[in-house]
Amino acid sequence: MTHTHTHTSRNTNEEQSPAGPRPLALVTGVGRTVGIGAAIARRLAAAGWDIAFTYWTPYDRRMEWGIEEGAAETIGRELAEHGAKSLPVEADLMDPQAPARVFDEVERRLGGVTALVMCHCESVDSGLLDTTVESFDRHFAVNARATWLLIREFGRRFTGIPGNGRIVSLTSDHTVGNLPYGASKGALDRITLAAAHELAPLGVTANVVNPGPVDTGWMTEEVREHILRRTPLNRPGTPQDAGNLVEFLCSPQGQWVNGQLLTSDGGFSSSGSA
């Protein structure tokens with residue numbers, strides 16, 4: 001089931017591009033104000049996009065950080081400050097019917113989607129020997145199958161100007177200790193990169209972004225110290241770092257970047273230290 005409400009700003013016309021109405025981005029996985037999804041939504045709104053976004057509070061309830069009460073409303077107000085219309089949609093992306101329902105609601109309320117940015121995930125640590133079949137299937141349903149179904153809906157419905165359409169997926173190269181998460185993110189990579197070729201007739205670009213370790217409140221002091229030792233800039237990634245890259249990929253200037261798996265982690269993955 002989806003629950004929706006909209007936020008609008010009185011100064012929309014002041015910030016609207018002289019070329020016409022603001023394009024619309026659908027950003028999934030925007031359940032927390034400190035998350036990567038929220039940072040991407042804010043950055044796109046500041047760059048002139050209207051924003052529809054999905055969230056799923058039962059997932060947050062299961063996780064150690066818990067539900068952030070009023071997060072969707074807070075994010076909506078922040079987007080409105082940038083002149084953006086916004087539409088939060090609560091959706092369980094484990095449900096194979098959810099992607100079509102989300103697109104139906106977004107198109108009905110805000111119009112056609114020009115950019116699809118997928119930040120949603122199921123992420124529960126477990127290894128080769130202790131992962132349950134239920135957990136494995138849930139990770140693949142949310143991280144891989146929902147990504148495919150969202151891209152499929154986007155491709156079937158896209159009616160924008162060729163060259164303007166954008167798909168961006170957030171990924172991870174984790175493997176050890178979180179088998180279902182890492183394996184399902186690997187599947188997400190292949191699904192997204194296929195879109196760069198299969199949706200080429202629509203003039204849609206598709207890229208995958210690996211933002212590296214991003215501090216959204218989950219890092220222990222030990223993990224943080226490990227990241228600092230391995231990162232030349234001596235800091236972890238921030239949600240804003242991811243937002244900056246996604247905004248570029250969705251901009252006209254980012255059009256020539258297509259079919260790529262981009263690692264944007266401050267040099268963390270290139271470090272040879274343990």
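Refer to the structure presented above.
The structure presented is a predicted model; accordingly, all values stated were derived computationally and were not measured.

About the thresholds
- For every chain, the first residue of the written sequence is number 1, and numbering continues from 1 along that sequence.
- Only residues with pLDDT of at least 70 are given local features in this predicted model, and only at 80 or more are side-chain atom pairs given and counted; all residues enter the totals for whole chains, interfaces and linings.
- Water and hydrogen atoms play no part in the side-chain values, which are based on all heavy atoms of the structure.
- Partly exposed residues are those whose accessible area sits between 20% and 50% of the maximum for their type, while under 20% is buried and over 50% is exposed, using a 1.4 Å probe and protein chains only.
- Strands are runs of DSSP state E lasting at least 2 residues, helices are runs of H or I lasting at least 4, and numbering of each runs from the N terminus.
- Between two residues, a contact is recorded if the distance between any of their heavy atoms is within 4.5 Å.
- Here, strands pair whenever DSSP counts at least two bridges between them.
- We call a set of buried residues a nonpolar core when its members are Ala, Val, Leu, Ile, Met, Phe, Trp, Tyr or Cys and they connect through side-chain atoms within 4.5 Å of each other.
- Throughout, an axis means a line fitted to C-alpha atoms (over the contacting stretch in the case of helices), and angles, computed between N-to-C directions, take values from 0 to 180 degrees.

A few words on helix H4 (residues 71-81). Of the residues making up H4, those classed as buried are Ala71, Ala72, Ile75, Gly76, Leu79 and Ala80. Lining the buried residues of H4 we find helix H2 (36-46), strand E2 (50-55) and strand E3 (86-90). At the C-terminal side of H4, Gly83 shows a positive phi close to 80 degrees.

Of all the six residues making up E2, six are buried; the element is thus mostly covered by neighbouring parts of the structure. Alternating residues of E2 divide into Asp50, Ala52 and Thr54 and Ile51, Phe53 and Tyr55, and every residue in both groups is buried. Taken together, the four bridges between strand E1 (residues 24-28) and E2 define a ladder with parallel strand orientation. Bridging from a neighbouring strand, Leu24 pairs with Asp50 of E2. Where E2 lies against E3, five bridges are found, and the strand directions are parallel. Bridge pairing links Ala52 to Leu87 in E3.

With that out of the way, let us pick up the nonpolar core. With 29 residues, the main nonpolar core has Val27, Ile40, Leu44, Ile51, Phe53 and Val117 as its most contacted residues. Every element with two or more residues in this core is listed here: E1, H2, E2, H4, strand E4 (115-118), strand E5 (165-170) and helix H9 (239-250). With six residues, H2 is the largest single contributor of residues to this core. Ignoring anything within four residues of it in the chain, the contact list for Val117 reads Leu26, Val27, Thr28, Ile40, Leu44, Val168, Leu170, Val246 and Cys250. Core analysis: the next-biggest nonpolar cluster, separate from the first, contains 25 residues, Val106, Ala146, Phe154 and Ala196 among them.

Reading across the sheet, the seven strands line up as E3-E2-E1-E4-E5-E6-E7 and stay open at both edges, with parallel pairing between neighbours. Every other strand in the sheet has two partners, leaving E3 and strand E7 (261-263) as the edge strands with one partner each. Direction aside, neighbouring strands of the sheet carry axes that sit 15 degrees apart on average. The sheet contact formed by E5 and strand E6 (residues 204-210) spans six bridges and is parallel. Bridging across to E6, Leu170 finds its partner in Val209. Seen against the sheet, H2 touches E1, E2, E4 and E5 and runs at an angle of roughly 170 degrees to E1. The sheet strands contacting H4 are E2 and E3, and the helix crosses E2 at an angle near 170 degrees.

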